[in-house]
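Spelled out from the first residue to the last, the chains are:
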Amino acid sequence: SSSNQGSQISRENSRKPEELKKRAPTTRGGEIAHKSSSIQNDTSRSDYNLGDNALSDDHTIIEPSREEAMKHISSLKVFDFAFVRRTNGKWTYSIISDRSENMIRFVVDENGRTKQLERQYWVSNIRRARAEVKPENPPPRRRSSQARRRSSVDDSLVRYGLD
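Draft legend 1. Expanded view of the overall build of the protein. Within the protein, the regular secondary structure consists of 5 helices and 7 strands. Counting helices and strands in the order they occur from the N terminus, the protein gives α-β-α-β-α-β-β-β-β-α-β-α. The 163 residues of the protein split such that 35% are buried. Taking the contacts inside the protein whose residues are at least 6 apart along the sequence as the reference set, 55% of them involve residues at least 24 apart. Per element, the accessible surface of the protein, about 10,700 Å² overall, is 46% carbon and sulfur.

Draft legend 2. Layout of the environment of Q116. As for its position among the elements, Q116 is in strand β6 (residues 114-118). Overall, the relative accessible area of 15% leaves Q116 in the buried class. Residues Q116 and F106, spaced 10 residues apart in sequence, show a C-alpha to C-alpha distance of 6.3 Å. A polar side-chain atom of Q116 sits 2.7 Å from a polar atom in the side chain of R105. At 3.1 Å, the side chain of Q116 and the side chain of E118 are in polar contact.

Draft legend 3. Just the confidence of the model for the protein, in detail. In the predicted model, the protein carries a mean pLDDT of 75, and 56% of its residues have values of at least 70. Averaged pLDDT values over the elements of the protein bottom out at 41 in helix α1 (residues 2-9) and peak at 98 in helix α4 (residues 122-125). This model gives residues 1-24 a pLDDT under 50, and the stretch forms 34 contacts once residues within four places in sequence are excluded. Counted against residues more than four places away or in other chains, residues 26-39, with its pLDDT under 50, gives 35 contacts.

Draft legend 4. Up close: the pattern of salt bridges. Here the structure, examined in full by the defined rule, presents 7 salt bridges. With a closest N to O distance of 2.6 Å, E63 and R128 form a salt bridge. In this pair, E63 is assigned in the loop between β2 (60-61) and α3 (66-74) and R128 in strand β7 (residues 126-129), connecting sequence segments 65 residues apart.

Draft legend 5. How the structure looks around α3. Every buried residue of α3 is accounted for by A69, H72 and I73. Burial along α3 is one-sided: seen end-on, the buried residues are contained in an arc of 100 degrees. Within α3, the exposed residues directed more than 90 degrees away from the buried face are E67 and K71. In the core, the buried residues of α3 are packed alongside β4 (91-99), β5 (103-107), α4 and β7.

Draft legend 6. Up close: the pairing of β4. The element β4 is largely enclosed, with a buried count of 7 among its 9 residues. For strand β3 (residues 81-85) and β4, the ladder comprises 5 bridges, and the chain directions are antiparallel. Paired with V84 across the two strands is T92, which belongs to β4. The loop that links β3 with its antiparallel partner β4 comprises 5 residues; one of these, G89, has a positive phi angle of about 90 degrees.

Draft legend 7. Structural context of the environment of I62. Turning to its location among the elements, I62 is positioned in the loop between β2 and α3. For the pair I62 and R128, spaced 66 residues apart in sequence, the C-alpha to C-alpha distance is 7.8 Å. If near-sequence neighbours (up to four positions away) are discounted, I62 is found in contact with D57 and R127.

Here is what the cut-offs are and how they apply
The residue numbers shown here count from 1 along each chain, following its written sequence. Selection of residues for local features in this predicted model requires a pLDDT of at least 70, selection of side-chain atom pairs for listing and counting requires 80 or more, and totals for whole chains, interfaces and linings are taken over all residues. Excluding hydrogens and water, the side-chain figures rest on all heavy atoms present in the structure. A run of H or I in DSSP counts as a helix once it spans at least four residues, and a run of E counts as a strand once it spans at least two, with each numbered from the N terminus. Burial classes follow relative accessibility: with a 1.4 Å probe on protein chains only, a residue under 20% of its type's maximum area counts as buried, one over 50% as exposed, and anything between as partly exposed. In this analysis, two residues are considered to be in contact whenever any of their non-hydrogen atoms come within 4.5 Å of each other. Using the Shrake-Rupley algorithm and a 1.4 Å probe, accessible areas are obtained, with residue cover drawn only from the displayed protein chains. As used in this structure description, the phrase polar contact means that two N or O atoms lie within 3.5 Å; if the pair is within protein, one of them must be able to donate a hydrogen and the other to accept it, and residues adjacent in sequence are counted only when both atoms belong to side chains. Each residue carries a pLDDT score, the predictor's own confidence in it, on a scale running from 0 to 100. Within this document, salt bridges are pairs made up of a side-chain nitrogen of Lys or Arg and a carboxyl oxygen of Asp or Glu, the two lying within 4 Å of each other. It is the directions from the helix axis to the C-beta atoms that the arc portrays. For two strands to pair, DSSP has to find at least two bridges joining them.

Set out below in structure tokens:
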């Protein structure tokens, strides 16, 4: 049955969140790592929190072949972020907490729940996170109307020698 197959593909951990938080990657403050954490690498995305569902396939990397997918997934390291297919079929923004040559364990939400995938299931259940596109020359920030008024008042004070 398909529900039985899901349990063979991976083991989503149903332990108490307190137990899992002990093993989950954390920031210095002890909180589970997520978008506002100090962990920044080319797999992190500032527009996602740990456990968020993928908003678009454009935020994931869909490899052109199984071989390419396996090559890139094999190169992921602890603290790298990726999207992991959950039992419900949704792709969830996750972080690698542990890995070996034949297994990768992800923390899949801010409560510390984990999902472990054996090598044979990597290609169909892991997608690397696509780096955010950041403009080379971001447009200048518009000043708020309050800042423009304050600047105008400052200019007036200088003009009239009242500064």
